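Structural overview for review
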Amino acid sequence: MEFIKSFFILFAELTLLFMGISFLVSWLQQLVPEEKIKDILDRPKGWKGYLYGTGLGAMTPFCSCSTIPILAGLLTSKAPFGPSMSFLIASPLLNPVILILIWTLIGWEMALIYTISMVIASMLIGMLWNLINLEHQIKNISVRKNLTVHRKSSTAIWKLAIKDAWGFFLSVLPYLFIGVLIGTLIYGYVPKTIISTYVGNQNIWTIPISAVIGIPLYIRAETLLPISGALVNQGMGVGAVVALIIGGAGASIPEVFLLGKLFKLKLLFAFVVSILTLAITTGVLVQISF
């Protein structure tokens, strides 16, 4: 009975969060359609361009299947290389779903550290890649389809946002169910001594291991975060959890495969190494802070 109660409470909380967050995200995306991204990135020069790219990535929290086609459109239309790369890094890692759920499941302090780290890292990675001339590692891209056109409708924006929120919730419902189920099982049945012994707060070496595991471990954030919350409650190091999330969300195998269509080997290698380094560095920073 305790397991069933815990399951339904966590599932209800996350359902309300997802509906609310999805509504806000859809509303923002209708105000800032994708075709405006290039125009915004083209305006500023210097570090402001990277800030804009990172900010747009945070405002347009696409998964890899959406981010990469948009990135291809940006590169084809000759948008600045560095800010476009900042957009690529920031879009999945600064997803409002991840930020708010980290806040809810682990705490606002870690969510704040995570957000600041991702903003700085997205800007620095774009700057570094531009500085070492990795722009030449872009393959010849042929994009037949334009960026998504902002939908025009007489329907009120809030009604479209509600419709989008419901559709998004239905699409992630199986992943959310599995994640909550696994998280509840971990919380209820896995002894704390096992987790604290092998991946506990004192074991810094678990952070790089978690980062490496996260990259091939293609689990949606909606599934991983309930599991992460349960692991933290059972004694897993917060830094290891953060490294796992960054590795999984930032450089999953499907995303690397799609980027292989756009990037040459050197730039693709730089992408994976950057995400891995970012996951380990942020994990260590969070671990030390807590």
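Residues numbered from 1 in each chain as written. Predicted model: local features only at pLDDT ≥ 70, side-chain atom pairs only at ≥ 80, totals over all residues. Heavy atoms only, no water.

For the rest of this paragraph, the subject is the overall build of the protein chain. Secondary structure summary: the protein chain contains 14 helices and 0 strands in total. Listing every helix and strand of the protein chain by position from the N terminus yields α-α-α-α-α-α-α-α-α-α-α-α-α-α. Sequence-distant contacts in the protein chain: of pairs separated by 6 or more residues, those separated by 24 or more amount to 84%. Summing over all exposed atoms, the protein chain offers an accessible surface of approximately 14400 Å²; the carbon and sulfur share of this is 69%. (Helix = DSSP H or I, 4+ residues; strand = E, 2+ residues; numbered from the N terminus. Contact = heavy atoms within 4.5 Å. Areas by Shrake-Rupley, 256 points an atom, 1.4 Å probe, with all protein chains shown as cover.)

Looking now at helix 5 (residues 81-93). Since the α-helix turns once every 3.6 residues, residues separated by three or four places project in the same direction. The terminal C-alpha atoms of helix 5 lie 19 Å apart, and with 13 residues this matches the ideal 18 Å at 1.5 Å per residue to within 8%. Across the 13 residues of helix 5, 13 count as buried, placing the element largely inside the fold. (Expected span 1.5 Å × (residues − 1). Buried < 20%, exposed > 50% of the residue type's maximum accessible area, 1.4 Å probe, protein only.)

All right, on to helix 14 (residues 265-289) then. Spanning 25 residues, helix 14 covers 36 Å between terminal C-alpha atoms, matching the ideal 36 Å at 1.5 Å per step. If you check which residues of helix 14 are buried, you get Leu267, Leu268, Ala270, Phe271, Ser274, Ile275, Leu278, Ala279, Thr282, Gly283, Val286 and Gln287.

Attention now moves to the nonpolar core. Side chains that are nonpolar tend, in soluble globular proteins, to be buried together. Counting residues in each nonpolar core, the largest one holds 50 residues, and the members touching the most others are Tyr114, Trp129, Ile246, Phe263 and Phe271. When neighbours within four sequence positions are excluded, phenylalanine 263 is seen to be in contact with Leu71, Met85, Leu88, Gln137, Ile138, Lys139 and Leu268. (Core = buried A, V, L, I, M, F, W, Y, C linked by side-chain atoms within 4.5 Å.)

Another aspect to go through is the environment of isoleucine 157. Secondary-structure assignment places isoleucine 157 in helix 8 (residues 157-189). Those residues within four positions of isoleucine 157 in sequence are excluded, and the remaining contacts are Trp27, Gln30 and Leu31.

Bringing the packing of aromatic side chains into the picture now. Using the criterion set out here, one finds 2 aromatic pairs in the structure. Geometrically, the ring pair formed by phenylalanine 7 and phenylalanine 8 is edge-to-face, given 5.4 Å between the ring centres and 85° between the ring planes. In this structure phenylalanine 7 comes out as buried when scored by relative accessible area, which is 9%. These aromatic residues form a ring-pair network of at least three members: Phe7, Phe8 and Phe11. (Phe/Tyr/Trp six-rings, centres within 6.5 Å; stacked < 30°, edge-to-face > 60°.)

In contact at an axis separation of 7 Å, helix 10 (residues 206-214) and helix 12 (residues 238-250) are set at 25° when each is read in the N-to-C sense. Relative to helix 12, the element helix 10 lies roughly parallel. For helix 10 against helix 12, the interelement crossing comes out right-handed. Contact residues: helix 10 offers Thr206, Ile207, Ser210, Ala211, Ile213 and Gly214, while helix 12 offers Gly239, Ala240, Ala243, Leu244, Gly247 and Gly248. Broken down by class, the residue content of the contact of helix 10 with helix 12 amounts to 6 nonpolar, 6 polar and no charged. (Axes fitted to C-alpha atoms, helices over the stretch in contact; angles between N-to-C directions. Parallel < 35°, antiparallel > 145°, perpendicular 65-115°, else oblique. Left-handed = near helix turned anticlockwise from the far one by under 90°. Nonpolar A, V, L, I, M, F, W, Y, C, P; charged D, E, K, R; others polar.)

The next thing to look at is the packing of helix 5 against helix 14. A pair of packed helices is characterised by two quantities: the angle between their axes and the separation of those axes. In contact at an axis separation of 13 Å, helix 5 and helix 14 are set at 45° when each is read in the N-to-C sense. On the basis of their axis angle, the class for helix 5 and helix 14 is oblique. Crossing of helix 5 against helix 14: the hand is right-handed. Listed contacts from helix 14 to Phe81, Leu88, Ile89 and Leu93 of helix 5 are Leu267, Phe271, Ile275 and Leu278. A per-class count over the contact of helix 5 with helix 14 returns 8 nonpolar, no polar and no charged.

As for its placement among the helices and strands, isoleucine 213 is situated in helix 10. Sequence separation between isoleucine 213 and glycine 247 is 34 residues; the distance between their C-alpha atoms is 7.5 Å.

Time to look at a nonpolar patch on the surface. Taken together, Trp103, Trp108, Leu112, Ile116, Ile120 and Leu124 make up a surface patch of nonpolar side chains, about 650 Å² in accessible area. The element that contributes the greatest number of residues to the nonpolar patch is helix 7 (residues 108-131), accounting for 5 residues. (Patch = residues over 30% accessible without salt bridge, like charges linked within 9 Å, V, L, I, M, F, W, Y side chains within 5 Å. Salt bridge = Lys/Arg side-chain N within 4 Å of Asp/Glu carboxyl O.)

Attention now goes to the side chain of threonine 54. Structurally, threonine 54 is set in helix 3 (residues 47-59). A relative accessible area of 2% places threonine 54 in the buried class. Among all residues touching threonine 54, those that are not within four sequence positions of it are Ser86, Ala90, Leu94, Val119, Ser122 and Met123.

Summarising the model, the protein chain shows a mean pLDDT of 76, and 69% of its residues fall at 70 or more. Confidence scores differ between elements of the protein chain, with helix 9 (residues 192-199) showing the lowest mean pLDDT of 56 and helix 7 the highest of 91. Per-residue pLDDT stays below 50 along residues 143-152; that stretch engages in 17 contacts with residues further than four places along the chain or on separate chains. (pLDDT = per-residue confidence, 0-100.)

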